[in-house]
Amino acid sequence: MQNVLTYLTLFFTVLVMQAQTDTSTANADSAPTKYQQGMRKAFQLWQENKSWEAANVFERIATAEPDNWLPPYYVAQINVINSFTEKDGTKLKAQLDKAQDFINDAMAISKDNPDLLVLQAQLYTAWIVYDGQQYGMTYSAKASELYNKALALAPNNPRMILAKAEWDMGGAKYFGQPIEPYCKDIQRAIDLFATFKPAGEFYPTYGEERAKQIQAESCK
């Protein structure tokens, strides 16, 4: 179990770095709205490694924009990512409970959203990383189901392909199985990232550098 937990922890360390740097750039052709100003401020804080300050800004935006799934998505994502390095069980539970609340809010706004399904799977993974013996069997099955559903909803989205392939690789490593069968999915994700366009400003864009890293390290 320790090998797969280390593998997953490394993945989410890279994910947070990409989440901080892969955000959309500002549109210089028009004056930013109050929403755009707030979101850009939050991402700037995140880039400065002030993730909790960023989460607070995202949370305020979520209150002001009750029909927008992106602010609660990022509140939840920050809490999930930071949970991977949290060793205190009380703090971990508080973070993941808060993340779950915001995932629920986002899902109520945007149903069958593959990005939210992947984030929910990542929340389950945080519990597995914290205590694999207690949560591994129950949450592994749920996470697998979510990755499958996300990919079925968006089969040509490179982040969905990457997320499922990496999850499957982690499982293969844990059970001592070859990971090479998943390398074709990593390559497909890389190919699709080359032309991938987010649906709009502030939409998730992370993943390309991680896919290339996996290919270099595991798919030689």
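Calculation notes
Residues numbered from 1 in each chain as written. Predicted model: local features only at pLDDT ≥ 70, side-chain atom pairs only at ≥ 80, totals over all residues. Heavy atoms only, no water. Helix = DSSP H or I, 4+ residues; strand = E, 2+ residues; numbered from the N terminus. Buried < 20%, exposed > 50% of the residue type's maximum accessible area, 1.4 Å probe, protein only. Polar contact = N/O pair within 3.5 Å; in protein donor to acceptor, adjacent residues only side chain to side chain. Contact = heavy atoms within 4.5 Å. pLDDT = per-residue confidence, 0-100. Disulfide = S-S within 2.5 Å. Phe/Tyr/Trp six-rings, centres within 6.5 Å; stacked < 30°, edge-to-face > 60°. Lys NZ or Arg CZ within 6 Å of the ring centre and 35° of its normal.

Focus on the side chain of Asn-68
By secondary structure assignment, the location of Asn-68 is in the loop between helix 3 (51-64) and helix 4 (70-83). With relative accessibility at 16%, the residue Asn-68 sits in the buried group. Looking at Asn-68, its side chain comes within polar contact range of the main-chain nitrogen of Leu-70, at 2.9 Å. In this structure, Asn-68 is in contact with Tyr-35 and Ile-109, ignoring residues within four places of it in sequence.

Some words on the confidence of the model for the protein
Model confidence for the protein is summarised by a mean pLDDT of 88, while 87% of its residues fall at 70 or above. Below a pLDDT of 50 lies the segment residues 20-26, which in the model reaches 16 contacts outside its immediate sequence neighbourhood of four places, other chains included.

With respect to the state of the cysteines
Enumeration over the complete set of coordinates arrives at one disulfide. Put simply, Cys-183 and Cys-219 are joined by a disulfide, and their sulfur atoms are 2.0 Å apart. Between Cys-183 and Cys-219, the disulfide has an S-S torsion of -90° and is therefore left-handed. A residue pair is termed long-range when its members are at least 10 positions apart, and Cys-183 in helix 9 (residues 183-193) and Cys-219 in the segment after helix 10 (208-218) qualify at 36 residues.

Concerning the packing of aromatic side chains
Throughout the structure, instances matching the rule amount to 17 aromatic pairs. Ring centres 4.9 Å apart and planes at 80° place the aromatic pair Phe-43 and Tyr-74 in the edge-to-face group. In this pair, Phe-43 is assigned in helix 2 (residues 34-47) and Tyr-74 in helix 4, connecting sequence segments 31 residues apart. Residue classification places Phe-43 among the buried residues on the basis of a relative accessible area of 3%. Ring geometry for Tyr-135 and Tyr-139: centres 5.6 Å apart, planes at 10°, overall stacked. Of this pair, Tyr-135 and Tyr-139 both sit in helix 7 (residues 132-153), four residues apart, roughly one helical turn. Of the residues examined, Tyr-135 reaches a relative accessible area of 18% and is grouped as buried. Ring-pair connections join several aromatic residues into one group, and the members of that group are Tyr-35, Phe-43, Trp-46, Phe-58, Trp-69, Tyr-73, Tyr-74, Phe-202 and Tyr-203. Between Arg-159 and the ring centre of Tyr-206, over which it is positioned, the NZ or CZ distance is 5.6 Å.

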